[in-house]
Amino acid sequence: MPSVHIIGGGVAGYALARHLVQQNYSGSIKISDAQGLPYDRPPLSKSLQAEPFAPVSWYQGNNVGLIQEEVERLQLPQAADDWVVLATGTRPKALEIPGGHHARSLHSAADAAWISEVLESGMFGQRVLVIGAGLVGAEFASTAKMLGAQVTLVSNSNAPLAHVLGQELAEQLHADHANHGITTVTGALTELGPNHVLVNGQRHEAELIVAAIGVEPETALAEQLGLEVDDGILVDAQQRSLSCPQVLAIGDAAREENQPRTVHWEAAMEDAAQAAATIMGTAAVQRSVPWFWSDRHEMHVETVGDFSQAASTVTRLNRRGKIQMVFGLDANGSLVSASMIDGGLMAKAVKRLIAKSATPSIEQLKDPTVGPRELGR
């Protein structure tokens, strides 16, 4: 009987199993993950909760084997209709400074449960220090503050995430932490202890220290199999590894050859859809314009497209004179990216315009009365 063995129970691994079930795959499907029931990762930093994609009954009812195991060694598929799919995700980057091991990561359900217990059992107003002000760091800082902690957020930049949000909105969002009672510190981190850090030589005390300085692709299994690895498991447009066509790689651990690696929820979903198409022998998946979101301080932040392609930017202000949207234009005036706060349907509209290489007028982009239906017309 043909088979698909998926290693990893994140969004990519689960979505692939779901696609195969929906398409009536005739072989056996199993998911191996040391963490057990597959769950969604974004809620970890937003609410310190692990949200399962489906109950155990879904796997049982659809004959999807769910194995809680740490896979350390694999064999390449032997039969022509067997597949191995690496959806191994990422691992948190380590702090390469003295005492770096004293910081806790927020990367797994176990991490979130441990941090949640510390926050709930500690005194109101306990000191929490977050290292790194990117997506996870900023979201967790907001969550910890809402749970009653005194939060200090350490960053090496005054505009974290400028490469994905645009410089202007990144600066505003980072500065906005102070308006919600979070202390921001910018500088070089040189030392950690059990209850302190040194930033630019200044000591900051905390009962809980959490590091959120980014992630690296988890490629150990791929390397054990002898697959080609370079900032991710290298794959072609069908998600086949370059070294063995019956081994696929999807999600945050994979990187299409000659393309930058993407670490976004929607990209992982599309990888899974493409892997299902490869296994089933159906038409290739049409990729969409990149899009991701973040929630902090009761604000919903979205980015569409790629700001690295922008030659110039146009800002749209709200009635209070604060940036609500930033649009990125290439050298020809075509829309290539946008970031926004509480944009409603605007993100979907911008995705369509970017896909069409539309060239909205500067006046339209700046005008807050131009909604998603009127933009670009």
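Residues numbered from 1 in each chain as written. Predicted model: local features only at pLDDT ≥ 70, side-chain atom pairs only at ≥ 80, totals over all residues. Heavy atoms only, no water.

Trainee: Before we move on, could you go through the pattern of salt bridges and cite the residues and values that matter?
Mentor: Scanning all chains against the criterion turns up 12 salt bridges. One salt bridge connects Glu 139 with Lys 46, and the closest N-O pair in it is separated by 3.1 Å. Of this pair, Glu 139 sits in helix α5 (residues 135-146) while Lys 46 sits in helix α2 (residues 43-47), and the two are 93 residues apart along the sequence. With relative accessibility at 21%, the residue Lys 46 sits in the partly exposed group. (Salt bridge = Lys/Arg side-chain N within 4 Å of Asp/Glu carboxyl O. Helix = DSSP H or I, 4+ residues; strand = E, 2+ residues; numbered from the N terminus. Buried < 20%, exposed > 50% of the residue type's maximum accessible area, 1.4 Å probe, protein only.)

Trainee: Lay out the nonpolar core in plain terms, naming residues and giving numbers.
Mentor: Residues Ile 6, Leu 16 and Ile 279 are the most contacted members of the largest nonpolar core, which totals 28 residues. Listed by contribution, the elements that provide at least two residues to this core are β1 (3-7), α1 (11-22), β2 (28-32), α3 (56-61), β6 (82-86) and α9 (265-280). For this core, the element with the most residues is α1, which contributes 8 residues. Those residues in contact with Ile 6, other than ones at most four positions away along the chain, are Gly 13, Leu 16, Ala 17, Ile 29, Lys 30, Ile 31, Ser 32, Val 85 and Ala 87. One finds Tyr 39, Leu 44, Ala 112 and Val 128 within the second-largest nonpolar core, a separate group that totals 20 residues. (Core = buried A, V, L, I, M, F, W, Y, C linked by side-chain atoms within 4.5 Å. Contact = heavy atoms within 4.5 Å.)

Trainee: Can you lay out the packing of aromatic side chains for me, pointing to particular residues and giving the numbers?
Mentor: By convention here, two paired aromatic rings are described through the distance between centres and the angle between planes. For the structure on display, the rule yields 6 aromatic pairs. A centroid spacing of 6.4 Å and a plane angle of 65° characterise the contact between Tyr 14 and Tyr 59, whose relative ring orientation is edge-to-face. Highlighted residues: Tyr 14 in helix α1 and Tyr 59 in helix α3, separated in sequence by 45 residues. Three or more aromatic residues joined by ring pairs make a cluster, and in this case those are Tyr 14, Phe 53, Trp 58 and Tyr 59. (Phe/Tyr/Trp six-rings, centres within 6.5 Å; stacked < 30°, edge-to-face > 60°.)

Trainee: Give me the environment of Asp 330: which residues, what numbers.
Mentor: For Asp 330, the position within the fold is in the loop between β23 (323-329) and β24 (335-341). The sequence separation of Asp 330 and Gln 309 amounts to 21 residues, and the corresponding C-alpha distance is 6.2 Å. Only 2.9 Å separates the side chain of Asp 330 from the backbone nitrogen of Ser 334, close enough to count as a polar contact. (Polar contact = N/O pair within 3.5 Å; in protein donor to acceptor, adjacent residues only side chain to side chain.)

Trainee: Account for the sheet that holds strand β12 (residues 189-193), naming residues and giving values.
Mentor: Pairing between sheet strands relies on hydrogen bonds along the backbone, with the strands arranged either parallel or antiparallel. Taken in spatial order, the 3 strands of this open sheet run β12-β13-β14, and their pairing is antiparallel. At either end of the open sheet lies a strand with only one pairing partner, and these are β12 and β14 (202-205). Here the average twist between neighbouring strands, direction ignored, is 20°. (Pairing = 2+ DSSP bridges. Axes fitted to C-alpha atoms, helices over the stretch in contact; angles between N-to-C directions.)

Trainee: Which residues make up the sheet that holds β2, and what values go with them?
Mentor: One open sheet accounts for 5 strands, arranged β5-β2-β1-β6-β18; its pairing is parallel. Strands at the two margins of the open sheet, each flanked by one partner only, are β5 (64-67) and β18 (247-249). Strand after strand, the sheet turns through a mean of 20° between neighbouring axes, direction not considered. Pairing geometry for β2 and β5, over 4 bridges, is parallel. The residue bridging Lys 30 from the neighbouring strand is Gly 65, located in β5. Across the face of the sheet, α1 comes into contact with β1, β2, β5 and β6 while running at roughly 170° to β2.

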